[in-house]
Amino acid sequence: MAEKNFDFKEGLLQYTTRISDFNGLREEIGDLKQWDDGFLAFSNAEFRIAHIDLPIDDLKERVNGKISKAEGYLMEVDLWRKKDGAYEELYVERDNRDFLIEKWVLLEQKDSESTGYMCFWRDTDVVINERSIFKKEEISAVEVIVPDVRLHIFITKKRG
């Protein structure tokens, strides 16, 4: 039988999860303009970060009147970027007054100083729901497999 080549490369995956108040969320996100793309979900609507021009502190309480057509509180965040040779994705979900924060960082190349899980990764495509706020030509993904912990994830990335 012929050997299949799936074009996976070796890398290193760092993963953190924590629960934090808004101050921890602010630290993790920094400036929304530092991210390639992503979305913010409120009680009644989702918006791409490119369509929101507010400092992160304005999202601490209710957003009624601050963002057109948005009401309630920040409920969910998903941001992604490529920074310093690494793909990063930050996912946040509201838990009462706190936030569950999950962060994945894929280092494309292992080095002796970095810690994390040895993994295999490759560029892949995504399926986009026709009602999505994103278009297929705007985002894609990196498929990541971490054999030691039986983890298989997809990190969103800006296409191109």
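Computed from a predicted model, the values in this text were never measured in an experiment. Within any chain, residue numbers begin from 1 and follow the written order of that chain's sequence. The predicted nature of this model means local features are confined to residues of pLDDT at least 70 and side-chain atom pairs, given and counted, to a pLDDT of 80 or more, with totals for whole chains, interfaces and linings taken over all residues. Values shown for side chains rest on all heavy atoms present in the structure; no hydrogens or waters enter the calculation.

J.: Quick question: what am I supposed to make of the pattern of salt bridges here?
T.: Any two side chains of opposite charge can pair, given that their charged atoms come close. Basic side-chain nitrogens of Lys or Arg form a salt bridge, by our definition, when they fall within 4 Å of a carboxyl oxygen of Asp or Glu. Enumeration according to the criterion identifies 14 salt bridges in this entry. Across the pair Glu 28 and Arg 18 runs a salt bridge, and its minimum N-O distance is 3.1 Å. Of this pair, Glu 28 sits in helix α1 (residues 22–29) while Arg 18 sits in strand β1 (residues 9–20), placing them ten residues apart in sequence. Residues joined by salt bridges that share partners form a network here, namely Arg 18, Glu 28, Arg 81, Glu 88 and Lys 103. Secondary structure elements are defined from DSSP: runs of H or I of at least 4 residues count as helices, runs of E of at least 2 residues count as strands, and each element is numbered from the N terminus.

J.: What's the story with the pairing of β1 in this structure? I'm lost.
T.: Within a regular strand, the side chains alternate between the two sheet faces. Pairs of strands are assigned from DSSP output, requiring at least two bridges between the strands. Pairing of β1 with strand β7 (residues 117–124), which is carried by five bridges, proceeds in the antiparallel orientation. Residue pairing in the sheet places Leu 12 in a bridge with Met 118 of β7. For β1 and strand β6 (residues 98–107), the ladder comprises nine bridges, and the chain directions are antiparallel. Residue pairing for β6: Arg 18 is matched across the bridge by Ile 101.

J.: For this particular structure, what's the right way to read the side chain of Thr 156?
T.: Relative to the helices and strands, Thr 156 resides in strand β9 (residues 151–158). The cut-offs for exposure are 20% and 50% of the maximum accessible area for each residue type, with area from a 1.4 Å probe on protein chains only; residues under the lower value are buried, those over the upper are exposed, and the others partly exposed. With a relative accessible area of 17%, Thr 156 lands in the buried category.

J.: Sorry if this is basic, but what is going on with the pairing of strand β4 (residues 74–83) here?
T.: The pairing of strand β2 (residues 37–42) with β4 spans six bridges and is classified as antiparallel. Directly across from Asp 37, in β4, lies its bridge partner Trp 80. The pairing of β4 with strand β5 (residues 86–95) spans eight bridges and is antiparallel. Looking at β5, one finds that Lys 82 is bridged to Tyr 87. In this antiparallel pair of consecutive strands, β4 and β5, the connection spans two residues, and Asp 84 shows a positive phi of 55 degrees.

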